[in-house]
Amino acid sequence: MSQVEKKAGLLRRTSSSKKPLKEKVVLMYDEIFAKEDPAKNNPRFWDELFLMKVNLEYLESKLESVDGEDVQRIQDNINSLFHHCVQALGEEHQIKVVNALQTLCALFRGVHQKNKSASGFDIINMLMGFDKAEQRMKDLMERLDSLLCGDSSESLKSLCLKLMYDNYHLICLFCYNISQNTILEYVMINSIFEAILQVNHLNRKYNSVIFSYILKLSLSSGSIHLCSLFGMGMVVHQALTEYNRQYKDKEEENQGGFFSTLTSMVGSMFIADADEKLSVQTNEAILLALYEAVHLNRNFITVLAQSHPEIDIAATPTTTTPTTPTTPLGTTPPSLDMMSNPELPLDPNLQTSNLLITFLKYASIVMQDTKDEHRLNSARLCLIILTCIAEDQYADAFLHDDNMNFRVSLHRMPMRHRKKAVDKNIPSRPLVCAVLDLMVEFIVTHMMKDFPMDLYLRCVQIIHKLLCYQKKCRIRLHYTWRELWSALINLLKFLLSNETTLLAKHNIFHLALLVVNLFNMFITYGDTFLPTSNSYDELYYEIVRMHQVFDNLYCMVLRVSTNTGQWKEAASKVTHALVNVRAIINHFNPKIESYAAVNHISQLSEDQVRSISLNVRKNVSLNTLSQDVLLKEFSTIS
């Protein structure tokens, strides 16, 4: 009576009274795991092996079952198997290439599983022989590069990527003792970024495995790896540029015609449908790689600043060198010896771009719609990346460099009360202005029922970090600060209007405290970074004009802080933080009301209020105000 054998490597049916028959490929595996050279009695052994279908399960189980003593006995055969696998990758016969790739996958996985506790050098030695490891890895990288860049089928290219990244088969060798790993160093120098760039557009499923590779590159350091970081930057830049292009194409498709007319006629009825049509799938793998690079490798800030003409890099690759931003006070920029000023085109109509600009444009798209969890996570990751950039002093120097100006066309959410911005009207400014524009845009457009509290916290914290740098370096940025102040006041107004609903889910007092502290920075230290005295006048005007919001906020936090409850301490902090703002309101409001009464004016114009404010500040010393108010050099700016 026959039975079905389930054991890997056995033929399907055998007699219960006879010894089970094995597949030929399994018998050949057994020869490899024997002491003798398998090609000794069969010179065509390796050619025949790669013509047979790989039995992954059996091969991996054999590798895992090898004990310590057997390792030394069969090491030469394992080294030979690895060598012939690499050689088979250069064969014209696709079956041999596929079988060689699958065998390599099994080798990496099996050896890694068997030797998890072993050192990286032992694993390398078992697979390819330490004395020949560098040459073997050179051959492997060259053949993988040839397969990825050649006319191979998509399934074959997918298998190449699977070998390199899936389950960290090959990555596990790169990660060991990075500072002394000569194989990793060789792979960095002879990277296969051009191959990855060509494959990246084939299918989105590759993004997750490509991330594994560039994640490891983000950990590299030293001048020897800087070229690899620039290659990584090209990969990220190309992926984000492609996303931006797809979104822009969809946006242009939806402009004009019957659809656009219909949405204009009925207002917001079809706004959601329009957003859905403009939706393009986000790329979290690339964002994660960018985050790891910015967060873990200080040299990558140089890559963010690398300027090039704003053209399609996928269609016309360009070789550029990084720009050299202004060095922050008391610091030395990373790997400055590897950088030089680029020869950029002199055509004034040809704009320059860099990875940071491309990322800001990408962020302006994904941060528009945070209603679904997928896009919410993408927006959160974008803000985390911007936080890392704002915390880096070298990046801040580049952002604020007045000699490095760019026109950055950010995407804005469609809203009925404002017109669509025209790209031609965008001025050329330092990049920090684009970052602030992005933050203001987010603040204005996301005051909704499902309030993204954590995103607002990150957004306000990014603004605070940028202001701290400006204060520290006394940078007078020519920016439309009034838009920021108006957005922050409207945010406080929203928190007040939705107090009950929001308090059930969030600590709104923490966000309110951060916003009030931003105003305190402008009031107390604005003379160190606001561009003109007129900016101070605009600040006071906005505070006085919207005094009702601050008065209501003070009443609310005072009520909560004087009662026992969960938010007592948090509300109390806001109460103390409002001292500066309330001092300005209490000082100027009576003067304004008196002027209006004397002149019989029911509603003063902005110019009239600012004129009163200016006269009061010229004639009133700091001592006439409350001694508890930290109004620093109140009248010096005028």
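- Under an unreviewed UniProt entry, the protein chain has the name Armadillo like helical domain containing 3 and belongs to Pundamilia nyererei.
- Per UniProt, the protein chain carries the Subcellular location (unreviewed entry) text "Membrane".

### Some details on the overall build of the protein chain
Part 1 of the argument: The number of helices and strands found in the protein chain is 30 helices and six strands.
Part 2 of the argument: Sequence-distant contacts in the protein chain: of pairs separated by 6 or more residues, those separated by 24 or more amount to 72%.
Part 3 of the argument: Counting only carbon and sulfur atoms, one obtains 50% of the accessible surface of the protein chain, whose full area is about 30,500 Å².

### Describing the packing of aromatic side chains
Part 1 of the argument: The full count for this structure, using the stated rule, is 16 aromatic pairs.
Part 2 of the argument: Ring geometry for Phe-82 versus Phe-108: centroids 5.9 Å apart, planes at 85°, classification edge-to-face. Highlighted residues: Phe-82 in helix α4 (residues 68–88) and Phe-108 in helix α5 (residues 94–114), separated in sequence by 26 residues.
Part 3 of the argument: Among the aromatic residues, ring-to-ring pairing joins Tyr-479, Trp-481, Trp-485, Phe-522 and Phe-529 into one connected group.
Part 4 of the argument: Taking NZ or CZ as reference, Arg-582 lies 3.7 Å from the ring centre of Tyr-554, over its face.

### Re the packing of helix α20 (residues 393–400) against helix α21 (residues 431–445)
Helix packing geometry: the angle between the two helix axes and the distance between the axes.
Part 1 of the argument: Two numbers describe how α20 lies on α21: the axes approach to 6 Å, and their chain directions differ by 100°. One element, α20, and the other, α21, form an angle in the roughly perpendicular class. Across the interface between the two elements, Phe-398, Leu-399 and His-400 from α20 touch Leu-431, Val-432 and Val-435 from α21.
Part 2 of the argument: By residue class, the composition of the contact of α20 with α21 is five nonpolar, one polar and no charged.

### Quick notes on the pattern of salt bridges
Part 1 of the argument: Evaluation of the coordinates by the stated rule reveals 16 salt bridges.
Part 2 of the argument: Across the pair Asp-437 and Arg-429 runs a salt bridge, and its minimum N-O distance is 2.4 Å.
Part 3 of the argument: With a closest N to O distance of 2.9 Å, Glu-542 and Arg-545 form a salt bridge. Of this pair, Glu-542 and Arg-545 both sit in helix α26 (residues 533–545), three residues apart, which is roughly one turn of the helix.
Part 4 of the argument: Classification of Arg-545 as partly exposed rests on a relative accessible area of 42%.
Part 5 of the argument: The structure contains a network of salt bridges with shared partners spanning Arg-44, Asp-47 and Lys-96.

### Let's talk about α21
Part 1 of the argument: Between its first and last C-alpha atoms α21 spans 21 Å; for 15 residues at 1.5 Å apiece the expected length is 21 Å, and the two agree.
Part 2 of the argument: Of all 15 residues in α21, 13 are buried; the element is thus mostly enclosed.

### Topic: the confidence of the model for the protein chain
Part 1 of the argument: Per-residue confidence for the protein chain gives a mean pLDDT of 74, with 65% of residues at or over 70.
Part 2 of the argument: Mean pLDDT across the elements of the protein chain ranges from a minimum in strand β1 (residues 2–4), with 38, to a maximum in helix α22 (residues 453–473), with 95.
Part 3 of the argument: Low pLDDT (under 50) marks residues 175–180, which in the prediction has eight contacts with non-local residues, meaning those over four places away or in another chain.
Part 4 of the argument: Contacts from residues 619–638, a stretch scored under 50 in pLDDT, to residues over four places away or in other chains number 34 contacts.

### A look at unusual backbone geometry
Part 1 of the argument: One non-glycine residue, Arg-474, adopts positive backbone phi at about 55°.
Part 2 of the argument: When you line up the elements, Arg-474 lands in the loop between α22 and α23 (481–497).

### Remarks on the environment of Ser-307
Part 1 of the argument: Positionally, Ser-307 belongs in the loop between α17 (300–304) and β3 (308–309).
Part 2 of the argument: Overall, the relative accessible area of 0% leaves Ser-307 in the buried class.
Part 3 of the argument: Between the alpha carbons of Ser-307 and Ser-353 there is a distance of 5.5 Å; along the sequence they are 46 residues apart.

### Topic: the nonpolar core
Part 1 of the argument: Formed by 123 residues in total, the largest nonpolar core has its most connected members in Phe-300, Met-367, Trp-481, Phe-509, Leu-511 and Phe-519.
Part 2 of the argument: When residues in this core are grouped by element, the largest group, 14 residues, is from helix α25 (residues 508–529).
Part 3 of the argument: Both domains that furnish three or more residues to this core are identified here as domain 2 (224–251 + 282–310 + 350–414 + 425–477) and domain 3 (480–637).
Part 4 of the argument: Apart from the residues within four sequence positions on either side, Leu-511 is in contact with Phe-451, Met-453, Tyr-456, Leu-457, Val-460, Leu-491 and Leu-495.
Part 5 of the argument: Residues Leu-104, Phe-108, Val-111 and Met-126 belong to the second largest nonpolar core, which totals 52 residues.

Conventions adopted
- Residues numbered from 1 in each chain as written.
- Predicted model: local features only at pLDDT ≥ 70, side-chain atom pairs only at ≥ 80, totals over all residues.
- Heavy atoms only, no water.
- UniProt positions renumbered as here; feature names shortened; annotations may be inferred.
- Helix = DSSP H or I, 4+ residues; strand = E, 2+ residues; numbered from the N terminus.
- Contact = heavy atoms within 4.5 Å.
- Areas by Shrake-Rupley, 256 points an atom, 1.4 Å probe, with all protein chains shown as cover.
- Phe/Tyr/Trp six-rings, centres within 6.5 Å; stacked < 30°, edge-to-face > 60°.
- Lys NZ or Arg CZ within 6 Å of the ring centre and 35° of its normal.
- Axes fitted to C-alpha atoms, helices over the stretch in contact; angles between N-to-C directions.
- Parallel < 35°, antiparallel > 145°, perpendicular 65-115°, else oblique.
- Nonpolar A, V, L, I, M, F, W, Y, C, P; charged D, E, K, R; others polar.
- Salt bridge = Lys/Arg side-chain N within 4 Å of Asp/Glu carboxyl O.
- Buried < 20%, exposed > 50% of the residue type's maximum accessible area, 1.4 Å probe, protein only.
- Expected span 1.5 Å × (residues − 1).
- pLDDT = per-residue confidence, 0-100.
- Core = buried A, V, L, I, M, F, W, Y, C linked by side-chain atoms within 4.5 Å.
- Domains from an automatic or database assignment.

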